[in-house]
Amino acid sequence: MTFYTFLMKYRAPIEKDDITRLANLAFQDTLFPKQSTHFDEISTYLETQAPFYFNLTLFDEIWQMYLER
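Residues numbered from 1 in each chain as written. Predicted model: local features only at pLDDT ≥ 70, side-chain atom pairs only at ≥ 80, totals over all residues. Heavy atoms only, no water.

Peer 1: How should the packing of aromatic side chains be read in this particular structure?
Peer 2: Aromatic rings in a pair are described by how distant their centres are and how their planes are angled relative to each other. For the coordinates displayed, the defined rule picks out 12 aromatic pairs. Judged by centre distance (5.3 Å) and plane angle (90°), the ring pair of Phe 3 and Tyr 66 falls under edge-to-face. Placement of Phe 3 in helix H1 (residues 3–8) and of Tyr 66 in helix H4 (residues 56–68) is noted, with a sequence separation of 63 residues between them. Of the two residues examined, Phe 3 and Tyr 66, each falls in the buried class. By the ring-pair criterion, three or more aromatic residues cluster together here, those being Phe 3, Phe 6, Tyr 10, Phe 39, Phe 59, Trp 63 and Tyr 66. A cation over an aromatic ring shows up here: Lys 34 above the ring of Tyr 4, its NZ or CZ 5.2 Å from the ring centre. (Phe/Tyr/Trp six-rings, centres within 6.5 Å; stacked < 30°, edge-to-face > 60°. Helix = DSSP H or I, 4+ residues; strand = E, 2+ residues; numbered from the N terminus. Buried < 20%, exposed > 50% of the residue type's maximum accessible area, 1.4 Å probe, protein only. Lys NZ or Arg CZ within 6 Å of the ring centre and 35° of its normal.)

What follows is the structure in structure tokens.
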């Protein structure tokens, strides 16, 4: 399962937490690396190319949830 697929389970019209926020932002971002399962690729994208800001410490926590699924 890609990280993007994992995130999409948390999409919601009302932002209730950090994972929902990231899921909604990734859904709206047409360049988000949707096929990736690699931490470095997604982390680098969020840090250098994403058209939005997302706290990378929170991303690390969400990535850990992804690994534990």
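So that's the structure; there's more coming.
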